[in-house]
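So you can see what is in the structure, the chains are spelled out below.
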Amino acid sequence: MDRAQKEKVVEELGQIFESSGVVVVAHYAGITVAEMQDLRARMREAGGSVRVAKNRLAKIALEGKPCESIADLLSGMTVLTYSEDPVAAAKVAEGFAKDNKNFEILGGAMGESALDRAGVEAVSKMPSRDELIAQIAGMVGAPASNIAGAIGAPASNIASILSTIEEKAEAA
């Protein structure tokens, strides 16, 4: 790789570190090509990406970035999983780590916050952006259906009372 290519890689990595909601760093020694393709496919489905880069270039790209503190994690065979959604990459990485013993999550970053192994696990258990939107939409829709039910309830109660009175009158 010549200097121009290295500069391009550093620039791309810098964009990743700046624009990603979460970056997860993991060791991938012993993972087969098929398993790595599976990880990439899972990340693509979740709206994230996977990047393997030279640790030295990644450290250069981290200089001056909010998540500069994760530079210590970059040693050995490391892979970066990242996504704009602050939860997606962590969820996929956690799921992949459970399926593959050779994939060891070291930590990561969420904005300016450095995450250790437990921090990545905690982030992965949070609801994703889509799940939160669905919950909010459900909460907004619930009061409207409750109001409609409350408005309709007196009419149905009156109707059932009248039918009960009518049945008693017929029986008598």
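The structure under discussion appears in the preceding block.
Summarised in this report is the structure supplied together with it. These figures come from a predicted structure and were not determined experimentally.

Turning our attention to the pairing of strand 3 (residues 78–83). The side chains of a regular strand alternate between the sheet's two faces. The element strand 3 is largely enclosed, with a buried count of six among its six residues. Where burial is concerned, the two faces of strand 3 agree: the one with Thr-78, Leu-80 and Tyr-82 and the one with Val-79, Thr-81 and Ser-83 are both buried. Looking at chain direction, strand 1 (residues 22–27) and strand 3 are connected through six bridges and run antiparallel. Each residue of the ladder has a partner; that of Ala-26, found in strand 3, is Val-79. Pairing of strand 2 (residues 48–51) with strand 3, which is carried by four bridges, proceeds in the antiparallel orientation. Bridge assignment links Ser-49 to a residue of strand 3, and that residue is Tyr-82.

Let us now look at the nonpolar core. In terms of nonpolar packing, the biggest core is built from 21 residues, with Val-24, Met-36, Leu-39, Val-79, Phe-103 and Ile-105 touching the most fellow members. For this core, the secondary structure elements donating two or more residues are strand 1, helix 2 (33–46), helix 4 (88–99) and helix 5 (117–124). Apart from the residues within four sequence positions on either side, Val-79 is in contact with Val-24, Val-25, Ala-26, Tyr-28, Met-36, Val-50, Arg-51, Val-52 and Phe-103. Membership of the second largest hydrophobic core comes to 20 residues, among which are Leu-13, Cys-67, Leu-80 and Leu-106.

With that settled, consider the packing of helix 4 against helix 5. Axis separation between helix 4 and helix 5 bottoms out at 8 Å; the angle between their running directions is 110 degrees. One element, helix 4, and the other, helix 5, form an angle in the roughly perpendicular class. Contacts between helix 4 and helix 5 involve Ala-90, Lys-91 and Glu-94 from the former and Arg-117, Val-120, Glu-121, Val-123 and Ser-124 from the latter. Residue composition of the contact of helix 4 with helix 5, grouped by class: three nonpolar, one polar and four charged.

Here is what the cut-offs are and how they apply
Residues numbered from 1 in each chain as written. Predicted model: local features only at pLDDT ≥ 70, side-chain atom pairs only at ≥ 80, totals over all residues. Heavy atoms only, no water. Buried < 20%, exposed > 50% of the residue type's maximum accessible area, 1.4 Å probe, protein only. Helix = DSSP H or I, 4+ residues; strand = E, 2+ residues; numbered from the N terminus. Pairing = 2+ DSSP bridges. Core = buried A, V, L, I, M, F, W, Y, C linked by side-chain atoms within 4.5 Å. Contact = heavy atoms within 4.5 Å. Axes fitted to C-alpha atoms, helices over the stretch in contact; angles between N-to-C directions. Parallel < 35°, antiparallel > 145°, perpendicular 65-115°, else oblique. Nonpolar A, V, L, I, M, F, W, Y, C, P; charged D, E, K, R; others polar.

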